[in-house]
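Each chain is listed here by its residues.
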Amino acid sequence: MPVVEGRGLRQTETIAAATEEGRVPKGRVAPLLRALRAHQWVKNLLVFVPLLLAHEVFDAELLLRCTAGFAAWSLCASGGYLFNDLLDAEADRRHPYKRGRPVAAGALGRGAAAWAALALVAAGLAPALAWLPARFGLMLALYLALTVAYTALLKRLAVVDVLVLAGLYTLRVLAGGYAGGVEVSPWLLAFSMFFFLSLAFVKRYTELRAAPSEAGAARRGYTAGDTELLKGCGTAAGYLSVLVLAALVDVERE
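Here, residues in each chain are numbered from 1, in the same order as that chain's written sequence. For this predicted model, a pLDDT threshold of at least 70 governs which residues receive local features, and a threshold of 80 or more governs which side-chain atom pairs are given and counted, while totals over whole chains, interfaces and linings are taken from all residues. Just so you know, side-chain values use all the structure's heavy atoms and leave hydrogens and water out.

### Here we look at the pattern of salt bridges
Then, in step 1: In what follows, salt bridge is the name for a side-chain nitrogen of Lys or Arg lying within 4 Å of a carboxyl oxygen of Asp or Glu. What the rule picks out here adds up to six salt bridges.
Then, in step 2: In this structure, Asp85 engages Arg101 in a salt bridge whose closest nitrogen and oxygen atoms are separated by 3.5 Å. With a gap of 16 residues between them, Asp85 in helix α4 (residues 60-87) and Arg101 in the loop between α5 (89-93) and α6 (102-105) connect regions that are remote in the sequence.
Then, in step 3: In this structure, the salt-bridge partner of Glu207 is Arg204, at a minimum N-O distance of 2.7 Å. In this pair, Glu207 and Arg204 both sit in helix α10 (residues 186-210), three residues apart, roughly one turn of the helix.
Then, in step 4: Per-residue accessibility, obtained with a 1.4 Å probe over protein chains only, is compared with the maximum for each type, and a residue is labelled buried under 20%, exposed over 50%, and partly exposed between these values. Glu207 sits in the partly exposed class, given a relative accessible area of 28%.
Then, in step 5: Salt bridges linked by common partners bring Asp161, Lys203, Arg204 and Glu207 together as one network. Comment: elements are numbered from the N terminus, with helices defined as DSSP H or I runs of at least four residues and strands as E runs of at least two.

Following this line, the structure appears as structure tokens:
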């Protein structure tokens, strides 16, 4: 396995070097498909949560609308991933794992990635604005704006970054309620925010522990001494999500 991993890293370095010299052909379909990160679309299944909790999941019309919302959100999310890869290409090349991303490795040209990002966002916004409630389109536009702000600046601000991440997940739940015409309980939104906030703190804690240097941690706005703070905040947010969930269950029973 180490031999295979070493060979993969050498291939990535070769591609990156060749790209700088202009010897790698652009516009390959396979690297573009990998850059879409379709496996991340599972996050967007959160748009179905309000419909499921309202016991309306078997309503064909509402299910179709939520499915359209899921597709629109997924296309825009992939556009956001490409935009993130474009901005972070240099940093990704120095990362032990992210260096294999198509843009960072040079397998996908920057021009092709930019055009693909714009096309995906347009393809996602079109059905959202044409077929779904205006409030869903507003949530999707807010998601895109926050994604761009997060990539460009907010991910480098300590604590602000995890709040934004949690908010991006919670937006999916709220947008799902708008898409399906289902009222989203404030208790559900509170649970979602605390639960995803806990996961975001855990994510940062894990990244900070794995950071190869103090400089690597600083790029995220943290120092090596912040690990205990992140762990404590993540634990507290997790406990709060459980308390809110208990209240949510009690409200649903009534």
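So that's the structure; there's more coming.
### Details of the nonpolar core
Then, in step 1: Trp73, Phe136, Leu140 and Tyr143 are the most contacted members of the largest nonpolar core, which has 44 residues in total.
Then, in step 2: For this core, the secondary structure elements donating two or more residues are α4, α8 (134-152), α9 (160-180), α10 and α12 (227-253).
Then, in step 3: In terms of nonpolar packing, the next biggest core, distinct from the first, is built from 11 residues, Ala35, Leu36, Ala116 and Leu120 among them. Within this scheme, the nonpolar core is defined by two criteria: the residues are buried Ala, Val, Leu, Ile, Met, Phe, Trp, Tyr or Cys, and they are joined through side-chain atoms within 4.5 Å.

### Side note on α8
Then, in step 1: One fewer than the residue count of a helix, multiplied by 1.5 Å, yields its expected span. Counted at 1.5 Å a residue, the expected span for α8 with its 19 residues is 27 Å, and the 27 Å between its end C-alpha atoms agrees.
Then, in step 2: Burial in α8 covers these residues: Phe136, Gly137, Met139, Leu140, Tyr143, Leu144, Thr147, Tyr150 and Thr151. Along the axis of α8, the buried residues cluster in a sector spanning 160°; they form a single face. Exposed residues on α8 whose side chains face more than 90 degrees from its buried face are Ala134, Arg135 and Leu138.
Then, in step 3: In this description, contact between two residues means that some pair of their heavy atoms is separated by no more than 4.5 Å. In this fold, the buried residues of α8 make contact with α4, α7 (110-131), α9 and α10. Along the arc lie the directions from the helix axis toward the C-beta atoms.

### Here we look at the layout of surface pockets
Then, in step 1: Roughly 160 Å³ of volume is contained in the second largest pocket.
Then, in step 2: Buriedness of a pocket was judged along seven lines, with at least five required to meet protein on both sides within 12 Å; pockets are open sets of points on a 1 Å grid over the protein atoms alone, cavities are sets where a 1.4 Å probe fits but cannot get out, and lining residues have an atom within 4 Å of a point. Taken together, Gly79, Gly80, Phe83, Leu86, Ala114, Ala117, Leu118, Val121, Leu144, Thr147 and Val148 form the lining of the second largest pocket.
Then, in step 3: Among the elements of the structure, α4, α7 and α8 are those that each provide at least two residues to the lining of the second largest pocket.
Then, in step 4: Looking at the lining of the second largest pocket residue by residue, the class counts come to eight nonpolar, three polar and no charged. Grid points are joined across faces, edges and corners, and a volume is the space filled by probe spheres set on the points. Three classes are used: nonpolar for Ala, Val, Leu, Ile, Met, Phe, Trp, Tyr, Cys and Pro, charged for Asp, Glu, Lys and Arg, and polar for all others, with Gly counted as polar.

### Thoughts on the packing of aromatic side chains
Then, in step 1: Any pair of Phe, Tyr and Trp rings, taking the six-membered ring for Trp, is counted once the centres come within 6.5 Å. Such a pair is stacked with planes under 30 degrees apart, edge-to-face with planes over 60 apart, and tilted for the rest. A complete count under the given rule lists six aromatic pairs for this structure.
Then, in step 2: Between the aromatic rings of Trp73 and Phe136, the centroid separation amounts to 5.8 Å while the plane-to-plane angle is 65°, which identifies the pairing as edge-to-face. Remark: Phe136 occurs in helix α8 and Trp73 occurs in helix α4; sequence separation between them is 63 residues. The pair Trp73 / Phe136 is uniform in exposure class, with both members buried.
Then, in step 3: Judged by centre distance (5.6 Å) and plane angle (20°), the ring pair of Phe191 and Phe195 falls under stacked. One end of the pair, Phe191, and the other, Phe195, are both in helix α10, four residues apart, so they sit about a helical turn from each other.
Then, in step 4: Phe195 gets classed as partly exposed once you look at its relative accessible area, which sits at 32%.
Then, in step 5: Grouped by ring-pair contacts, the aromatic residues Tyr169, Phe191, Phe195 and Phe196 constitute a single cluster.

### Notes on the packing of α8 against α9
Then, in step 1: With their axes 9 Å apart at the nearest point, α8 and α9 run at an angle of 165° to one another. Judged by the inter-axis angle, α8 sits roughly antiparallel to α9. The handedness of the crossing between α8 and α9 is left-handed. Contacts between α8 and α9 involve Arg135, Phe136, Met139, Leu142, Tyr143, Leu146, Thr147 and Tyr150 on the former and, on the latter, Asp161, Val164, Leu165, Leu168, Leu171, Arg172, Leu174, Ala175, Tyr178 and Ala179.
Then, in step 2: Across the contact of α8 with α9, the residue classes tally to 14 nonpolar, one polar and three charged. The angle between two axes is taken between their N-to-C directions and runs from 0 to 180 degrees, where each axis is a line fitted to C-alpha atoms and a helix contributes only its stretch in contact. Geometric relationships in this document are graded by angle, where less than 35 degrees denotes roughly parallel, more than 145 denotes roughly antiparallel, 65 to 115 denotes roughly perpendicular, and other angles denote oblique. Crossing handedness: left-handed means the near helix sits turned counterclockwise from the far one by under a right angle, and right-handed means the same turn made clockwise.

### As for α10
Then, in step 1: Over its 25 residues, α10 extends 36 Å from the first C-alpha to the last, a length consistent with the 36 Å expected when each residue adds 1.5 Å.
Then, in step 2: Inspection of α10 places Leu188, Phe191, Ser192, Phe196, Leu197, Ser198, Ala200, Phe201, Arg204, Tyr205 and Leu208 among the buried residues, and these make up the whole buried set.
Then, in step 3: Between N or O atoms, a polar contact is any pair within 3.5 Å; within protein, one atom must be a potential hydrogen donor and the other a potential acceptor, and residues adjacent in sequence are included only when both atoms are from side chains. Regarding α10, its N-cap is Ser185, as a side-chain oxygen of that residue lies 3.0 Å from the backbone nitrogen of Trp187 further along.

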